[in-house]
Amino acid sequence: MEWIERLNDAIGYIEEHLTEEIDMNQLGRIACCSSYHFQRMFTYMAGVPLSEYIRRRKMSLAAVDLQGRGMKIIDVAGKYGYSSPTAFNRAFQSVHGIAPSSLKKEGVSVKSFPPITFKITVKGVEEMNYRIETKEAFRIVGVSVPLDKDIEKNFAVIPAKWGEIAANGTLQRLTGMMDTQPMGVLGISTCNDTEPWRYYIAVSSSQAADGLEEYTVPAATWAVFPGSGTNQSIQELERRIVTEWLPTSGYEYGNAPDVEVYLNPDPANAQYEVWIPVVKRQG
């Protein structure tokens, strides 16, 4: 299937550039999506963050260079893009559990992480309810935080921002300002490759911002998935969308923000929708 072939082509690009700086934007272009969406897809499908996968592949090859080819540690560190032996030692130990200098001894065990290959596995165990909706642009007001290009680093930043605005009264203020569709507290990731990445906690509103930020969500088509439960439940739903629905849906990621609509913001039993921007897959 073409969609899976693109992902595997992206893995091929990584393999060809393990001794260089890997261009995340190029990975997105190969997979026909933003670098943000590529990282999300990879993490959900591979079960490991992209940055960690790349580190494991580099350190697998580094072990071969040190143990099998007898290269010097400083030369291997430079080969895989580490500016100092200290940084290389830290990365090597995080993967293999031993220092690279230990490979001088016979019988030392190291780990090998082969290149990953994506394949389609049709499960069909649980149904997934969704609808396709094309929406006009809408204005939001709220607060935002910048997002790191390594999306794993954002898993601490975003919950902290939710906690902050819940504590200082901003979330309550936003709730009182929502007056246009979609009606709910919104978590919006603007992560295309043409503007700075940000995460907005906001509402759709026609009211004046008055010290809050505003942003216009562009017109787009979304696949909308309803859900309920805890924060872990929404992450599980997003994983299923990427690994089960998207590969066989006839759609691929569109160039618009990801949207989470919290219809009932109770964190213990939230009612929400996950909006994934989509376009019909060509061919």
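Residues numbered from 1 in each chain as written. Predicted model: local features only at pLDDT ≥ 70, side-chain atom pairs only at ≥ 80, totals over all residues. Heavy atoms only, no water.

(A) Region of the structure containing the overall build of the protein chain. On a plain count of helices and strands, the protein chain comes out with nine helices and nine strands. Seen through its C-alpha atoms, the protein chain measures out along the principal axes to roughly 70 × 45 × 35 Å. Burial statistics for the protein chain: of 283 residues in total, 46% are counted as buried. For the protein chain, restricting intrachain contacts to residue pairs at least 6 apart in sequence, the fraction spanning at least 24 positions comes to 71%. (Helix = DSSP H or I, 4+ residues; strand = E, 2+ residues; numbered from the N terminus. Buried < 20%, exposed > 50% of the residue type's maximum accessible area, 1.4 Å probe, protein only. Contact = heavy atoms within 4.5 Å.)

(B) Structural view of unusual backbone geometry. Here the amide bond leading from Gln 181 into Pro 182 is cis, since omega sits at 0°, within 30 degrees of zero. Among the secondary structure elements, Pro 182 is positioned in the loop between α8 (170–177) and β3 (185–190). Phi at Cys 32 is positive, roughly 60°, even though this residue is not glycine. Along the chain, Cys 32 turns up in the loop between α2 (24–31) and α3 (35–46). You will see that Asp 210, though not glycine, has its phi angle at about 50°, which is positive. Following the sequence through the fold, Asp 210 ends up in the loop between β4 (198–204) and β5 (213–217).

(C) Region of interest: the packing of aromatic side chains. All told, the structure shown has 14 aromatic pairs when counted by the stated rule. Centroid distance Phe 38 to Phe 42: 6.3 Å. Interplanar angle 35°. Geometry classified as tilted. Placement of both Phe 38 and Phe 42 in helix α3 is noted, with a separation of four residues, approximately one turn of the helix. Per residue, the accessibility class of Phe 38 equals that of Phe 42, and both read buried. Put simply, the rings of Phe 38, Phe 42, Tyr 53 and Phe 118 touch in pairs and so form one group of aromatic residues. (Phe/Tyr/Trp six-rings, centres within 6.5 Å; stacked < 30°, edge-to-face > 60°.)

(D) Focus on the nonpolar core. Grouped together as the largest cluster of nonpolar side chains are 57 residues, with contacts concentrated most on Ile 14 and Phe 38. Per-element tally for this core: the top contributor is helix α1 (residues 2–16), with seven residues. The contact partners of Phe 38, leaving out residues within four places of it in the chain, are Leu 7, Ala 10, Leu 27, Gly 28, Ala 31, Cys 33 and Leu 50. Membership of the second largest hydrophobic core comes to 15 residues, among which are Trp 222, Ala 256, Val 259 and Val 261. (Core = buried A, V, L, I, M, F, W, Y, C linked by side-chain atoms within 4.5 Å.)

(E) Summary view of the pattern of salt bridges. Counted by the stated rule, this structure contains 17 salt bridges. One salt bridge in this structure joins Lys 79 and Asp 65, with 3.0 Å as the shortest N-O distance. Note that Lys 79 is positioned in helix α5 (residues 73–79) and Asp 65 in helix α4 (residues 50–67), a separation of 14 residues in sequence. By relative accessible area, Lys 79 is classed as partly exposed at 31%. As a salt-bridge pair, Arg 131 and Glu 133 come within 2.3 Å of each other at their nearest N and O atoms. (Salt bridge = Lys/Arg side-chain N within 4 Å of Asp/Glu carboxyl O.)

(F) Structural context of the packing of α1 against α4. Two elements in contact, α1 and α4, have axes whose closest approach is 11 Å; the angle formed by their N-to-C orientations is 45°. Judged on the interaxial angle alone, α4 and α1 are oblique. Once α1 is placed against α4, the crossing between them reads as right-handed. Contacts between α1 and α4 involve Ile 11, Ile 14 and Glu 15 on the former and, on the latter, Leu 50, Tyr 53, Ile 54 and Arg 57. A per-class count over the contact of α1 with α4 returns five nonpolar, no polar and two charged. (Axes fitted to C-alpha atoms, helices over the stretch in contact; angles between N-to-C directions. Parallel < 35°, antiparallel > 145°, perpendicular 65-115°, else oblique. Left-handed = near helix turned anticlockwise from the far one by under 90°. Nonpolar A, V, L, I, M, F, W, Y, C, P; charged D, E, K, R; others polar.)

(G) The arrangement of the pairing of strand β6 (residues 220–229) in detail. Most of β6 sits out of view: seven of its 10 residues are buried. In this structure, strand β1 (residues 131–135) lies alongside β6, joined through five bridges in antiparallel fashion. What sits directly across from Ile 132, in β6, is Ala 223. (Pairing = 2+ DSSP bridges.)

(H) Spotlight on the state of the cysteines. Inspection of the entire model under this criterion finds zero disulfides. Counting only cysteine sulfurs, Cys 33 is the nearest neighbor of Cys 32, a cysteine outside any disulfide, at a range of 7.6 Å. According to the relative accessible area criterion, Cys 32 is partly exposed, its value standing at 35%. (Disulfide = S-S within 2.5 Å.)

Such coordinate-based values are descriptive only and should not be taken to indicate function.
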